[in-house]
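Structural overview for review
Below, each chain spelled out in residue letters.
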Amino acid sequence: MTASDATAPTPAGATAPSGVAAAARGGWWGVAGSAANAVFAFLLVGLITRSAGAHGAGAVFTGVALFTILSNTCKLGSDTGLVRYVSRDLAVNGGRSVGALLRAAVVPAALASTAAALPLLLFPAVATTLLPHLRPADAVTLVRLFALFLPVATVGLVLLGATQGHGTVVPFVGVEQIGKPVLRVLIAVPVAYYAPGMLPLAVAWLLPAPAGTVAAWLSLRRCRALRGGALRGAEHRAGHGAAPWRSFWSFAAPRAVSSVFDISAVWVGVILLSALATSNEAGIYTAIGRVVTAGTLLQLAVRLAVAPEISRLLAVDQVSEARHLHRVSTCWIVLFSWPLFVLVAGFPRTVLSVFGPEFVDGAPALVVLCVASLINVAVGNAQTVLLMAGKSSWHLAVTALAFMVQLTVGILAVPVWGVLGAAVSWGAAIIVENLSAALLIRLCLGFRTVDRGYTTALGVALVVSVVLAAVRVLGGDTPSGLAVGMIFGMCAFGTTLWWYRRSLGVSELVGVLRRRAA
């Protein structure tokens, strides 16, 4: 990499690069969605755990784990394919092939999800194997409920990938991060009060899926309509375009497999605990996973905005700007995510007590996953760079290696250590996957992560960490200690953020927000 590629602070009054500005606009939406998702996800998990107890919650979340793994598997990688190919087609081809790309993506996903739902509906042995601690009738009913909603939810996820390819994260944020979590809580509240039970709560979790798919379809229609007559005219002159089926699926097929590993990494611990330990431990681990996932929502928010921009920039040979965008976005992720994970790791018992007194035993597991997540956010969106550069086979190799590590460690550790063993296996996978991806994009694609802004962001995080550590030692892992830590941590964070705002790229984020307000 040449010296000209190094990140430098944006001079006062200068215009931020278009890719960074677009990512910042999407990032603000993503942050809002992440905050809403975190709040309502916590509320939902709290409702389910307090209404059904650890045993019932473990069964519900085992069904959620199965549903999530299958829906993400049955997308066949086509949602990520649409993010990459729609954005590229709009940039270099005027959007002539967008309609054909949609047909190429949606039809196989719908067929695959329908085929995956049939065994769950027809073979009760699947349910009784996954949920051996439940009555067989309850286990079969629960699994069949999730199977009924599987095809419609899968198609909705694919359609949202197409909206991201159009350069907007608003539909994804509105449906997946705000709409579904809010609806689930609104439905679960009366259910938990009037009919607290495993099956009604599972229905409450599933009902927003059809509404989300309808909203995704309407959003995609609007995205295409906003392109106006120019896009439709281009499609007409080209005979509506032809989808690059071979290149699309040569990219999507490896991504289909790696997406299985990605989503399985989040939920395989729940399934292992349900099968090898107890439903109580599966419920505790699910609550821990929800806390950790909430901490990475900011990274997801930035990833949603960055992915189509990196694809577009690489498509038009603006490699230097793509590298700059990766470095700036990584700086944002580290800056805002590290202090959060340090806070949670410092007060794990207090955080988990939100779910109930029986969940505080998972505190050591939560600390393990917070440490692994610090490494995850430290490399930024390295895996997104691999995918948007068309290296889905590389990404598959990385995720396969990580999943093998997780499964091996999990099978050995879960029977011995329970929840802590599941956390250790997931943490090992997180570290292997992210460090491997960062190494690949550095050595093979020339995408650097560390620069002056990055080291400054780490310095800010370390200052906040020292403040939190001092409060933790003096106040203990108590609600009052957590409150004091948040206050002093925010003061330290705000002061250092203001002092180094330019080198951290925060001026670009705030500038976008001001322009939107104006």
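Residues numbered from 1 in each chain as written. Predicted model: local features only at pLDDT ≥ 70, side-chain atom pairs only at ≥ 80, totals over all residues. Heavy atoms only, no water.

Brief notes about the overall build of the chain
Looking only at helices and strands, the chain features 21 helices and zero strands. Looking at the chain as a whole, 57% of its 518 residues qualify as buried. The long-range fraction of contacts in the chain, counting pairs at least 24 apart against all pairs at least 6 apart in sequence, stands at 84%. Just so you have it, the chain exposes about 20400 Å², and 69% of that area is on carbon and sulfur atoms. (Helix = DSSP H or I, 4+ residues; strand = E, 2+ residues; numbered from the N terminus. Buried < 20%, exposed > 50% of the residue type's maximum accessible area, 1.4 Å probe, protein only. Contact = heavy atoms within 4.5 Å. Areas by Shrake-Rupley, 256 points an atom, 1.4 Å probe, with all protein chains shown as cover.)

Side note on the packing of helix H12 (residues 297-315) against helix H13 (residues 319-346)
Two elements in contact, H12 and H13, have axes separated by 10 Å at closest approach and are oriented at 175°. Considering their axes alone, H12 and H13 lie roughly antiparallel with respect to each other. Contacts from Leu 298, Gln 299, Val 302, Val 306, Glu 309, Ile 310, Leu 313 and Leu 314 of H12 reach H13 at Val 319, Glu 321, Ala 322, Leu 325, Ser 329, Trp 332, Ile 333, Phe 336 and Ser 337. Within the contact of H12 with H13, the residues separate by chemical class into 12 nonpolar, three polar and two charged. (Axes fitted to C-alpha atoms, helices over the stretch in contact; angles between N-to-C directions. Parallel < 35°, antiparallel > 145°, perpendicular 65-115°, else oblique. Nonpolar A, V, L, I, M, F, W, Y, C, P; charged D, E, K, R; others polar.)

Some words on helix H2 (residues 78-92)
Along its 15 residues, H2 runs 20 Å from first to last C-alpha, staying within 8% of the 21 Å computed at 1.5 Å per residue. In terms of burial, H2 is largely enclosed, as 12 of its 15 residues are buried. Along H2, the positions that sit buried rather than exposed are Ser 78, Asp 79, Thr 80, Gly 81, Leu 82, Val 83, Arg 84, Tyr 85, Val 86, Ser 87, Asp 89 and Leu 90. Looking one or two places after H2, you find Gly 94, whose phi comes out positive at around 70°. (Expected span 1.5 Å × (residues − 1).)

So, the packing of aromatic side chains
All told, the structure shown has eight aromatic pairs when counted by the stated rule. Taken together, a centroid distance of 5.9 Å and an interplanar angle of 55° make the contact between Phe 67 and Phe 146 tilted. With Phe 67 in helix H1 (residues 18-74) and Phe 146 in helix H5 (residues 136-165), this residue pair connects regions lying 79 residues apart in the sequence. Here the two residues Phe 67 and Phe 146 agree in accessibility, since each one is buried. (Phe/Tyr/Trp six-rings, centres within 6.5 Å; stacked < 30°, edge-to-face > 60°.)

Overview of the side chain of Thr 80
Note on placement: Thr 80 falls in helix H2. With near-sequence residues (within four places) excluded, Thr 80 lies in contact with Phe 251, Arg 255, Leu 387 and Met 388.

With respect to the environment of Thr 330
Secondary-structure assignment places Thr 330 in helix H13. The exposure class of Thr 330 is buried, given its relative accessible area of 0%. C-alpha of Thr 330 to C-alpha of Gly 380: the two residues are 50 residues apart in sequence and 4.4 Å apart in space. Ignoring sequence-local partners within four residues, the contact set of Thr 330 consists of Ala 378, Val 379, Gly 380, Asn 381, Thr 449 and Tyr 454.

Concerning the pattern of salt bridges
Under the counting rule described, the total for this entry stands at five salt bridges. A salt bridge links Glu 309 to Arg 312; the nearest nitrogen and oxygen atoms lie 2.8 Å apart. You can see Glu 309 and its partner Arg 312 sitting in helix H12, three residues apart, about one turn around the helix. On the basis of relative accessibility, which here comes to 24%, the residue Arg 312 falls in the partly exposed class. (Salt bridge = Lys/Arg side-chain N within 4 Å of Asp/Glu carboxyl O.)

Some remarks on unusual backbone geometry
Look at Leu 76: it is not a glycine, yet its phi comes out positive at around 60°. Along the chain, Leu 76 turns up in the loop between H1 and H2. Judged by its relative accessible area of 25%, Leu 76 falls in the partly exposed class. Although it is not a glycine, Asp 317 adopts a positive phi angle of roughly 65°. Summarising the element assignment, Asp 317 is placed in the loop between H12 and H13.

Topic: the packing of H5 against helix H6 (residues 170-194)
Between H5 and H6, the shortest axis-to-axis distance is 8 Å and the interhelical angle comes to 150°. As summarised for this structure, H5 and H6 are arranged roughly antiparallel, according to the angle between their axes. Between H5 and H6, the contacting residues are Leu 157, Leu 160, Thr 163 and Gln 164 on the first element and Pro 171, Phe 172, Val 175 and Glu 176 on the second. Counted by class, the contact of H5 with H6 contains five nonpolar, two polar and one charged residues.

Here we look at the environment of Arg 50
Among the structural elements, Arg 50 can be located in helix H1. Among the residues examined, Arg 50 registers a relative accessible area of 56% and is labelled exposed. Residues Arg 50 and Val 354, 304 residues apart in the sequence, show an inter-C-alpha distance of 9.9 Å. Not counting chain neighbours up to four residues away, the residues in contact with Arg 50 comprise Ser 353, Val 354, Phe 355 and Gly 356.

Brief notes about the confidence of the model for the chain
Per-residue confidence for the chain averages 80 on the pLDDT scale, and 86% of its residues sit at or above 70. Confidence, read as mean pLDDT per element, is least for helix H9 (residues 228-237) in the chain (46) and greatest for helix H18 (residues 419-443) (92). Within the model, pLDDT remains below 50 along residues 229-241, and this stretch shows 18 contacts once partners closer than five positions in the same chain are excluded. With pLDDT under 50 throughout, residues 512-518 is counted as low confidence; its partners more than four residues away or in other chains account for seven contacts. (pLDDT = per-residue confidence, 0-100.)

Observations concerning the environment of Val 414
By the element assignment, Val 414 lies in helix H17 (residues 392-417). Contact partners of Val 414, with chain neighbours within four places excluded, come to Leu 272, Leu 273, Leu 276, Val 409, Gly 421 and Ala 422.

Thoughts on a nonpolar patch on the surface
On the surface, Leu 118, Leu 122 and Phe 123 cluster together into a nonpolar patch covering about 320 Å² of accessible area. Here Phe 123 is to be found in the loop between helix H3 (98-122) and helix H4 (124-130). (Patch = residues over 30% accessible without salt bridge, like charges linked within 9 Å, V, L, I, M, F, W, Y side chains within 5 Å.)

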